[in-house]
Structure formats: C-alpha cells, structure tokens
Amino acid sequence: MMTEKPALTEAELLTYAAGALPPEEAAAMKARLVDDPAASATLAEWQLQDAAIRDLYGPVAEEPVPDRLTAIIRRAKAGDAAEQARPKQGRFALIAATCAALAFGAGTGWFARDLATPSAGAQTLASNAIRAYETFVVEVAHPVEVSASEAEHLNTWMSKRLGHEIRPPDFAAAGFSLMGGRIVPSAEGAAALYMYEDPQGQRITLYIAPEGASPETAFQFAQQGETQSFYWMDRDLSYAVTGTVPREMLRQIALAAYDQLI
Amino acid sequence: MRVLDEIESAIPALRRYARALMRDRDRADDLVQDCLERAVANRHLWRGDGPVQAWLFRILINRYRDLHRRDPAPGHLVAIEDLAVEPVQFGDPESGLALREVRDAMARLPVDQREALLIVALEGKTLEEAAGLLEIPKGTLMSRLARARATLRVLTGRGPGADVLPGPGRERK
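Residues numbered from 1 in each chain as written. Chains lettered and ligands numbered in written order. Predicted model: local features only at pLDDT ≥ 70, side-chain atom pairs only at ≥ 80, totals over all residues. Heavy atoms only, no water.

Asks: Explain the sheet that holds strand β4 (residues 189-197) of chain A to me, and be specific about the residues and the numbers.
Replies: Residues and elements named next belong to chain A. Strand order across the open sheet formed by seven strands is β2-β3-β4-β5-β8-β7-β6, with antiparallel pairing between neighbours. Two strands bound the open sheet, and with one partner strand each, they are β2 (146-147) and β6 (220-224). Where strand β5 (residues 203-209) and strand β8 (residues 238-243) come together, six bridges link them in antiparallel fashion. Directly across from Ile208, in β8, lies its bridge partner Tyr239. Contacts from helix α7 (residues 151-162) reach β2, β3 (177-186), β4 and β5, with the element oriented near 20° to β3. Strands β5, β6, β7 (227-233) and β8 of the sheet are contacted by helix α8 (residues 247-261), whose axis makes an angle of about 25° with β7. (Pairing = 2+ DSSP bridges. Helix = DSSP H or I, 4+ residues; strand = E, 2+ residues; numbered from the N terminus. Contact = heavy atoms within 4.5 Å. Axes fitted to C-alpha atoms, helices over the stretch in contact; angles between N-to-C directions.)

Asks: Give me the side chain of Asp29 of chain B: which residues, what numbers.
Replies: When you line up the elements, Asp29 of chain B lands in helix α2 (residues 25-41). Its relative accessible area of 3% is what places Asp29 of chain B among the buried residues. Discounting residues that sit within four places of it in the chain, Asp29 of chain B has contacts with Pro66, Arg68 and Leu69 of chain A together with Arg15 of chain B. (Buried < 20%, exposed > 50% of the residue type's maximum accessible area, 1.4 Å probe, protein only.)

Asks: Pulling in residues and values, what's your account of the packing of aromatic side chains?
Replies: Enumeration according to the criterion identifies five aromatic pairs over all chains in this entry. Residues Phe221 of chain A and Phe230 of chain A carry aromatic rings whose centres are separated by 4.9 Å and whose planes lie at 55° to one another, so their mutual orientation is tilted. Judged by relative accessible area, which is 7%, Phe230 of chain A ranks as buried. Between Tyr17 of chain B and Phe57 of chain B the ring centres are 5.4 Å apart and the planes differ by 55°, which places this aromatic pair in the tilted class. Note that Tyr17 of chain B is positioned in helix α1 (residues 2-22) and Phe57 of chain B in helix α3 (residues 52-70), a separation of 40 residues in sequence. One exposure class covers both Tyr17 of chain B and Phe57 of chain B, and it is buried. What links up through ring pairs into an aromatic cluster is the set Trp232, Tyr239 and Tyr258 of chain A. Directly above the ring of Phe57 of chain B sits Lys125 of chain B, whose terminal nitrogen or CZ lies 5.4 Å from the centroid. (Phe/Tyr/Trp six-rings, centres within 6.5 Å; stacked < 30°, edge-to-face > 60°. Lys NZ or Arg CZ within 6 Å of the ring centre and 35° of its normal.)

Asks: Now, about the nonpolar core: what can you tell me, with residues and values included?
Replies: Generally speaking, soluble globular proteins have nonpolar side chains that are buried together. If you look at the biggest cluster of nonpolar residues, it comprises 71 residues, and the most contacted ones within it are Ile53 of chain A together with Ile7, Leu14, Tyr17, Leu117, Ile119 and Leu141 of chain B. Broken down by element, the residue count for this core peaks at eleven residues, all from α1 of chain B. (Core = buried A, V, L, I, M, F, W, Y, C linked by side-chain atoms within 4.5 Å.)

Asks: Can you explain the pattern of salt bridges? Please cite residues and give values.
Replies: Tallied over the full model, the rule gives 26 salt bridges over all chains. When the shortest N-O distance is used, the salt bridge between Glu165 of chain A and Arg167 of chain A registers 3.2 Å. A relative accessible area of 30% means that Arg167 of chain A is categorised as partly exposed. Measuring nitrogen to oxygen at the nearest pair gives 2.7 Å for the salt bridge that ties Asp34 of chain B to Arg38 of chain B. (Salt bridge = Lys/Arg side-chain N within 4 Å of Asp/Glu carboxyl O.)

Asks: Account for the pairing of β6 of chain A, naming residues and giving values.
Replies: Residue and element names in this part refer to chain A. Where β6 meets β7, five bridges bridge the pair, whose relative direction is antiparallel. From the neighbouring strand, Gln224 faces β7, where its bridge partner is Thr227. Count of turn residues in the β6/β7 antiparallel hairpin: two residues, of which Gly225 carries a positive phi of about 65°.

Asks: Could you give an account of the interface of chain B and chain A, naming the residues involved and the relevant values?
Replies: Contacts between the two partners involve 59 residues from chain B, matched on the other side by 57 residues from chain A. Counting the surface lost from both chain B and chain A, the interface buries some 5600 Å², and carbon and sulfur atoms represent 62% of this. Remark: the boundary between chain B and chain A carries nine salt bridges. The set of elements that each furnish at least two residues to the side of chain B that touches chain A consists of α1, α2, α3, α4 (99-108), α5 (111-121) and α7 (138-155) of chain B. Looking at the side of chain B that touches chain A, the element that brings in the most residues is α2 of chain B, giving eleven residues. When the residues that make up the side of chain B that touches chain A are grouped by side-chain class, the tally is 29 nonpolar, six polar and 24 charged. (Buried area = accessible area lost by both parts, 1.4 Å probe. Nonpolar A, V, L, I, M, F, W, Y, C, P; charged D, E, K, R; others polar.)

In structure tokens:
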C-alpha cells in the first residue's frame with residue numbers, strides 16, 4: 001500500500017458504510033477506497049455481513065403478526081371507543097377521587113436527620129427489597145398480581161396483609177405511573193411490592209415491610225450490581241425505593257415517597 | 001387512535017429486531033408483547049416528540065436489557081483475542097457468508113455489540129438514530145459496531161489477515 005494518502009480509519013469507514021456522508025464526501029471516500037485495498041476488503045466483508053443479517057432476519061417482518069400481538073391493539077382501540085362514548089363526568093370524578101386519596105400526607109416534609117450506620121435489620125430490608133425488585137422487574141406476563149386499575153382492591157388487600165393502612169404514592173411528577181402491586185415475603189411477614197413504570201419502560205419498585213424502628217431512620221442507600229435502593233424506616237413500617245435508574249432520579253422518587261407516606 | 005395505528009404498523013420491525021436479538025421465536029414475541037402492552041398502557045403519556053417507532057424501540061431495548069441483566073446468555077464477555085479462528089471455515093471471499101455461521105456468531109456477540117450491529121445493519125438506522133435508541137454516545141456506538149464487525153469476522157472464519165485497518169486500539173504491523 002504505497003500511497004501518500006493516510007489509510008482509512010475504522011470510524012471513517014463505519015460512517016461511510018452507514019451511508020451517513022453527504023454525497024461529495026462519499027465520492028471522495030470512494031476515491032480513497034480505490035487506493036486502499038485493505039479498507040476495500042473490510043468494507044466488502046461488512047457488506048456481506050449486512051446482507052447475511054438481512055437474509056437471516058429480514059423475512060420476520062413479512063410474517064403474519066401473531067394474534068396475541070394484534071389483540072393488544074384491538075383491545076386498546078375498543079377501549080378508546082368505549083371511553084369516547086362514555087359521558088366525560090365519569091373520568092373527572094375518578095381523577096378527583098385519586099387526588100383526594102393522595103392529599104392526605106401532603107403538607108409534611110422531609111427533615112434531614114443524622115445518617116446512621118445501617119443496622120442489621122435495615123440491611124436485610126435493603127437486600128430483600130433488591131431481591132424482590134430483581135425477581136419481578138423482569139416479569140413479562142405477570143409483573144404485578146393486582147393491577148393499578150383495581151386500585152380499591154389493591155389498597156384493601158395490601159393494607160389487610162400488612163396490618164397497616166397503606167396506599168401507593170404517586171410518582172407522576174417523575175414520569176412514573178403505578179402498574180400495580182403484589183405481596184412478597186419479608187423478614188417480618190408479608191410485605192407489599194408496588195411496581196411503577198415510565199413511558200420508556202424503565203421500572204422501579206416501592207417495597208413496604210411491616211417492620212418498624214425506634215428511633216426512625218434517615219435515608220440509607222444500598223447497591224447491588226446495577227440495582228440501587230434508598231430505604232428508611234418509621235415507627236411501624238420499612239420502605240425501600242429500588243431501581244436501576246440514575247441515582248439522583250431514584251433519590252427524588254424516594255423523597256416523593258417519603259413525603260406522601262408519612 | 002392515530003398513536004395506536006402507528007404502534008400497530010411498527011410491530012413487524014419490532015418482531016424482526018427482537019427475533020434477531022433473542023433468536024427464539026416465542027421469547028422474542030414475548031418481548032414484543034411486553035413492549036406493546038407497555039406502549040399501549042402509556043399511550044396517553046406519549047407527547048409526540050419524535051416518531052412512535054423510535055419510542056417503541058426504546059421500550060423494547062429497555063425491556064431486553066432488564067431481561068438480560070437477569071439471565072445473561074453464554075457468549076457474554078467473549079474477548080476477540082480469545083476467539084480461535086477455525087481454518088476449515090475459511091470461505092471464498094467472493095461468496096456470501098454461510099447464514100448458519102452468521103446466526104451462531106451473532107448469538108455469541110456480547111449483548112451491547114449485538115444490539116448495536118442489528119439496529120444499524122438490520123433496521124437500517126443512521127448512526128445518530130441508533131445512538132439515540134440505544135441511549136449511548138455516538139463514539140460508543142462506533143466502537144461497539146467496530147468490535148461487533150471484527151468479532152463476527154473472526155467467528156465466521158473470515159478473520160482479518162494482513163488487511164487490518166488502523167484504528168483506535170486495533171493497530172497491528
């Protein structure tokens with residue numbers, strides 16, 4: 001390769017291969033490729049790779065779509081049509097009821113407290129919460145046992161199992177909406193696991209276990225692999241907000257939970 | 001209604017990408033089903049800032065990564081230096097690649113490289129679009145693509161001889 005032009009770099013070649021160059025630069029690139037057999041060979045190999053990948057998987061898009069997938073759209077369209085047919089008032093009443101339910105707990109604030117060394121109980125709490133998150137966040141078919149659409153049933157059931165009146169907080173300000181909840185085991189009996197999701201499909205959980213602490217604890221933080229958790233305990237219950245979202249986002253959500261749950 | 005129509009029209013591409021990521025037909029359709037359910041449930045939150053298809057791909061990719069964190073497939077963390085070239089598989093450079101070999105090689109790529117190569121080579125996304133969908137900087141995307149292509153080349157028995165391109169970290173004599 002005795003040429004005065006510098007050999008093409010991978011980055012240049014990738015950009016060219018992706019068809020991302022304006023026409024005049026692409027033409028210049030083509031000219032350089034003539035003098036660079038190594039780059040030409042690599043490019044030809046990549047084009048073979050692309051062709052093989054398209055041959056392998058391209059036909060999937062031509063297959064008839066399975067009914068279980070089209071059914072999701074069909075049900076949603078039917079739901080929308082029913083929604084439009086229903087008098088508007090019904091929806092507003094529902095929203096008002098939700099606001100009222102969330103209003104208790106407003107007006108209280110988070111007071112920074114001394115950071116304490118986590119007790120053994122608190123560490124168990126964090127590790128249980130992280131394990132519960134990791135078990136159910138990957139669940140495709142049944143991420144929750146009772147969905148958020150059955151809010152009343154969810155609240156009654158969870159409150160009964162934990163022996164305390166509990167309501168899932170609202171994280172809409174952070175872009176997360178409640179999917180629903182399930183009962184999971186904890187060191188002290190049944191615990192509640194609420195799952196939330198943002199429009200991008202990122203999930204977080206709020207774990208509430210029937211284990212209190214005196215004195216109440218400040219926020220504590222635990223991490224296991226990519227999964228992070230903010231947790232704290234009040235007189236009757238322990239809480240953990242867990243997820244793989246950025247830590248600051250998770251902290252804001254935990255603060256929102258604290259404000260609403262106290 | 002329009003969002004639902006757009007979601008519906010994206011299903012074939014989502015299935016194609018999911019199938020290529022996961023290989024197994026049923027598991028791939030499970031992933032698409034999960035993605036569609038999430039999208040449909042959140043459709044009222046969709047603000048219309050960009051194509052619906054890109055939003056769906058982001059959901060799919062996030063769900064795929066969740067699954068993978070739980071159950072990393074074999075082939076994860078295969079360094080290119082550790083891959084043996086099998087000389088029997090050297091093919092005629094003029095001919096196409098054996099599809100079965102490419103399929104097996106794709107399965108052995110680390111997940112981040114597979115995601116990147118498929119979104120560009122199969123879905124035809126531009127580098128900017130692909131970086132956006134995978135939520136990584138463009139430079140990271142480029143290095144994943146380069147590594148994926150080099151690994152694929154070795155795994156299909158067409159590994160580089162003297163004709164290796166100069167590039168970051170890849171210099172040879």
